[in-house]
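# Remarks on the overall topology
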Amino acid sequence: MKELTAGCPGVANQPHILEIFGLTRSVKTSHIEEFLLEFMWGGTTANVKWVDDEHALAVFPCAEAAQVLLDSSQKEFKVRPYNKASGAALQIAAEELTPPRSARPKTTTAVARRLISNALGNREVRDKAAERELASLRKANKMDKQQRQRQLSEAWGDD
């Protein structure tokens with residue numbers, strides 16, 4: 001296998017990709033996607049790219065997410081790093097293996113309305129309900145971030 005990876009530029013620089021191998025014809029994309037939901041990272045799950053009937057690639061949003069799956073003790077699928085993948089998997093173009101993007105956050109017109117209403121001096125343009133919803137969403141996000149930070153500091157301790 002070293003001969004294959006030696007000739008493929010950038011193989012070592014693809015830690016966000018894992019190969020799922022030893023698949024049977026009964027395994028469908030939906031089975032793999034359902035399995036990968038357990039390893040969702042930042043609200044984004046891995047993309048599945050089929051190589052052939054026995055191999056598929058899981059393209060994660062980041063290397064850490066892929067490493068979580070590699071380190072897990074799951075027995076449902078056989079998984080290996082991309083640098084140890086089959087020859088056919090290594091032949092897939094790098095453009096097809098870009099990490100998936102996280103979902104764009106929900107947008108609102110509240111900020112734009114507030115800016116326009118202030119510029120025009122017209123208070124009726126503002127959507128106060130949307131502004132309150134946006135403020136509560138920001139507060140919830142801030143609290144979630146603080147909670148995650150507390151959990152990290154508790155887990156790692158103060159050194």
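In this text, all values refer to a predicted model and were calculated from it rather than measured experimentally.

Here we take up the packing of aromatic side chains. Tallied over the entire structure, the rule returns 1 aromatic pair. Relative to Phe-77, the ring of Phe-35 has its centre 5.0 Å away and its plane inclined at 65 degrees; by these criteria the two rings are edge-to-face. Placement of the pair is Phe-35 in helix α2 (residues 29-36) and Phe-77 in the loop between α3 (63-71) and β4 (78-81), with a sequence separation of 42 residues. We classify Phe-35 as buried; its relative accessible area is 3%. For Phe-77, a relative accessible area of 10% translates into the label buried. Between Arg-80 and the ring centre of Phe-21, over which it is positioned, the NZ or CZ distance is 3.9 Å.

This part covers the pattern of salt bridges. Going through the model one piece at a time under the given rule, you end up with 2 salt bridges. With a closest N to O distance of 2.6 Å, Glu-19 and Arg-80 form a salt bridge. One end of the pair, Glu-19, is in strand β1 (residues 17-21); the other, Arg-80, is in strand β4, with 61 residues separating them in the sequence. The residue Arg-25 makes a salt bridge to Asp-53 at a minimum N-O spacing of 3.1 Å. Here Asp-53 lies in the loop between β2 (47-52) and β3 (55-59) and Arg-25 lies in the loop between β1 and α2, a separation of 28 residues in the sequence. Residue classification places Asp-53 among the partly exposed residues on the basis of a relative accessible area of 41%.

Let us look at the sheet that holds β2. Strand order in the open sheet made by the 4 strands is β2-β3-β1-β4, with antiparallel pairing throughout. Only two strands of the sheet have a single partner each, and these edge strands are β2 and β4. When strand polarity is set aside, the average angle formed by the axes of neighbouring strands in this sheet is 30 degrees. Where β1 and β3 come together, 5 bridges link them in antiparallel fashion. Bridged to Phe-21 within β3 is His-55. Those strands touched by α2 are β1, β2 and β3, and its axis lies near 140 degrees from that of β2. Relative to the sheet, α3 contacts β1 and β4, its axis offset from that of β4 by approximately 135 degrees.

Looking now at the nonpolar core. One finds Ile-20, Leu-23, Ile-32, Leu-36, Phe-60, Leu-69 and Phe-77 to be the most contacted residues of the largest nonpolar core, which totals 19 residues. Broken down by secondary-structure element, the contributors of at least two residues to this core are β1, α2, β3 and α3. The residues contacting Leu-69, other than those within four sequence positions of it, are Leu-18, Phe-35, Leu-36, Phe-39, Phe-60, Gln-74 and Val-79.

Here is what the cut-offs are and how they apply
Residues numbered from 1 in each chain as written. Predicted model: local features only at pLDDT ≥ 70, side-chain atom pairs only at ≥ 80, totals over all residues. Heavy atoms only, no water. Phe/Tyr/Trp six-rings, centres within 6.5 Å; stacked < 30°, edge-to-face > 60°. Helix = DSSP H or I, 4+ residues; strand = E, 2+ residues; numbered from the N terminus. Buried < 20%, exposed > 50% of the residue type's maximum accessible area, 1.4 Å probe, protein only. Lys NZ or Arg CZ within 6 Å of the ring centre and 35° of its normal. Salt bridge = Lys/Arg side-chain N within 4 Å of Asp/Glu carboxyl O. Pairing = 2+ DSSP bridges. Axes fitted to C-alpha atoms, helices over the stretch in contact; angles between N-to-C directions. Contact = heavy atoms within 4.5 Å. Core = buried A, V, L, I, M, F, W, Y, C linked by side-chain atoms within 4.5 Å.

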